[in-house]
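Examination of the molecular architecture
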Amino acid sequence: MKKQLVITVHSPQGGSGKSTIALNLALEFARKNMRVLLMDMAAYGGLPAMLKQPVRGVGMSSLITILEQSSDLPPFEHFSGYFREAVTSPREQRDFHTLFSASPLKMESLSSEYAAYMIRAAQKENYQVIVIDTSSELCKRNVACIEAADLLLVPTLQDVASGWKIILFKEIAASLNVAKEKIALVVNRCTKYSGFNNRELEAEIGYRLLGEIPDVTKIVQRGINAGVPMDLSEKRKAVVPFQQLAQKILTAGGTV
Ligand SMILES: Nc1ncnc2c1ncn2[C@@H]1O[C@H](COP(=O)(O)OP(=O)(O)OP(=O)(O)O)[C@@H](O)[C@H]1O
Ligand SMILES: [Mg+2]
């Protein structure tokens, strides 16, 4: 594997499981004793809720303010102290770190320059894996996240609308010159009842299918009812597909 791996989880399909996959994959790497930063770059970042963490006043908000108040982008050595203060460690796993997003308004106005700077600042820290959660819209912030990726994971659902959006997204990825080898599909909420053939989707789209995650609605719902967040690590059956996905990524050395 490369010394440091940037994995961006992005899909044109809203609700396809980007945050669920980003979170559980990041936890999986941390469980393998890899130092991980999970960056929430979504406009309506949901990771604090999924991790049951208070949000206000932490995360990217202060970092964006610093960037907005500087006439030029600050040198990284000046920025890194603030960056480290903005990072939290919400789990007992010492290798798992999170940088939560700012408010939706602040995230929406984040330029590609600032987004790219923030990712570069993360890369300056000694993380082995940086997992970036994005939102679905095609905006400059998300483009910066896509362009920074060593591996672009694209969650999709087993339906025609979702598949069609991925076909449209192919054009976007090509126009951004993202190498096809860096892109991989993850089919989420798989169920044998859908009649949807994941291999046909892979052949049709032309991106490698790297993971298939079953629908675990019952497990998720039970967890929510019990006040447990979307961290599936304690649910053995649910966590296996994420373990397999993490292993495939490491075995492939970060590219697919
Ligand atoms: N494999 C799964 N089985 C059951 N429920 C799932 C699965 N993956 C995700 N979900 C549920 O689907 C919903 C959407 O998931 P998630 O928030 O991860 O998607 P997203 O792509 O990040 O959405 P958004 O576009 O809003 O950011 C959540 O309620 C989540 O709990
Ligand atoms: Mg999300």
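Rules used in this analysis
- Residues numbered from 1 in each chain as written.
- Chains lettered and ligands numbered in written order.
- Predicted model: local features only at pLDDT ≥ 70, side-chain atom pairs only at ≥ 80, totals over all residues.
- Helix = DSSP H or I, 4+ residues; strand = E, 2+ residues; numbered from the N terminus.
- Rg over C-alpha atoms; globule rule 2.2 N^0.38 Å.
- Buried ≥ 20, exposed ≤ 12 C-beta atoms within 10 Å, placed from the backbone.
- Contact = placed C-beta atoms within 7 Å.
- Near = placed C-beta within 6 Å.
- Nonpolar A, V, L, I, M, F, W, Y, C, P; charged D, E, K, R; others polar.
- Expected span 1.5 Å × (residues − 1).
- Arc of directions from axis to C-beta.
- Pairing = 2+ DSSP bridges.
- Right-handed = clockwise from strand over helix to strand, strands pointing away.
- Axes fitted to C-alpha atoms, helices over the stretch in contact; angles between N-to-C directions.
- Parallel < 35°, antiparallel > 145°, perpendicular 65-115°, else oblique.
- Core = buried A, V, L, I, M, F, W, Y, C linked by C-beta atoms within 7 Å.

Moving on: the overall build of the protein. Helix and strand content of the protein: 11 helices and 7 strands. What you see for the protein is a C-alpha radius of gyration of 17 Å, in line with the 18 Å of a compact globule of 256 residues. Across its three principal directions, the C-alpha atoms of the protein cover 55 × 45 × 35 Å. A burial count over the protein gives 40% of its 256 residues as buried. Taking the contacts inside the protein whose residues are at least 6 apart along the sequence as the reference set, 81% of them involve residues at least 24 apart.

A few words now on the site of ligand 1. Around ligand 1 lies a shell of 19 residues, among which G14, G17, K18, S19 and T20 are the nearest. Of all the secondary-structure elements, those providing two or more residues to the shell around ligand 1 are α1 (18-31), β6 (183-190) and α10 (217-225). The element best represented in the shell around ligand 1 is α1, accounting for 3 residues. Here the residues of the shell around ligand 1 sort into 5 nonpolar, 11 polar and 3 charged.

Time to look at helix α6 (residues 112-124). Compared with an ideal rise of 1.5 Å per residue, which puts 13 residues at 18 Å, α6 spans 18 Å between its outermost C-alpha atoms and is within 8% of the ideal. Taken together, the buried positions of α6 are A115, M118, I119, A121 and A122. When α6 is viewed along its axis, its buried side chains cluster within an angular range of 155° and face the same direction.

All right, on to the pairing of strand β7 (residues 208-214) then. Bridge analysis of β6 against β7 gives 6 bridges, and the strand direction is parallel. Following the sheet pairing, L185 is matched in β7 by L209. Handedness of the crossover joining β6 and β7 through helix α9 (residues 198-205) is recorded here as right-handed.

Running from amino to carboxyl end, helix α3 (residues 60-69) crosses helix α4 (residues 76-86) at an angle of 155°, the nearest separation of the two axes being 8 Å. The orientation of α3 with respect to α4, classified from their angle, is roughly antiparallel. Residues M60, S62, L63 and I66 of α3 form the contact with α4, whose own contacting residues are Y82, F83 and A86. When its residues are assigned to classes, the contact of α3 with α4 shows 6 nonpolar, 1 polar and no charged.

We now examine the sheet that holds strand β1 (residues 5-9). Sheet architecture is open: 7 strands sit in the order β3-β2-β4-β1-β5-β6-β7, paired in parallel fashion. Of all the strands in the sheet, the pair left with one neighbour each is β3 (96-99) and β7. Going from strand to strand, the sheet's axes swing by 20° on average, the running direction of each strand aside. The pairing of β1 with strand β5 (residues 151-156) spans 3 bridges and is parallel.

Moving on: the nonpolar core. One broad trend across soluble globular proteins is that nonpolar side chains are buried collectively. Residues I7, A26, V36, V131 and V186 are the most contacted members of the largest nonpolar core, which totals 67 residues. Not counting residues within four places of it along the chain, the set of residues in contact with I7 comprises V129, V131, I132, A149, D150, L151 and L153.

Our focus in this paragraph is unusual backbone geometry. Not every positive phi belongs to a glycine, and N177 is a case in point at roughly 60°. Topologically, N177 is positioned in the loop between α8 (160-175) and β6. Classification of N177 as exposed rests on a count of 7 C-beta atoms within 10 Å. You will see that R189, though not glycine, has its phi angle at about 60°, which is positive. By the secondary structure assignment, R189 is in strand β6.

Residues three or four positions apart in an α-helix share a direction because the helix packs 3.6 residues into each turn. Between its first and last C-alpha, α8 extends 23 Å over 16 residues, near the 22 Å set by a 1.5 Å rise per residue. Listed as buried for α8 are S162, I166 and F169. Tucked into the core, α8 has its buried residues touching β5 and α9. Of the residues flanking the end of α8, it is N177, one or two places downstream, whose phi is positive at about 60°.

Here we take up the pairing of strand β4 (residues 129-133). Along β4, 5 of the 5 residues are buried, which leaves the element largely enclosed by surrounding structure. Because side chains alternate across β4, one face comprises the buried residues V129, V131 and D133, and the other comprises I130 and I132, equally buried. Bridge count between β1 and β4: 5 bridges; the pairing is parallel. Pairing of V6 across the sheet is with I130, part of β4. With 5 bridges joining them, strand β2 (residues 36-40) and β4 adopt parallel strand pairing.

Don't take any of this as a statement about function, it's just geometry.
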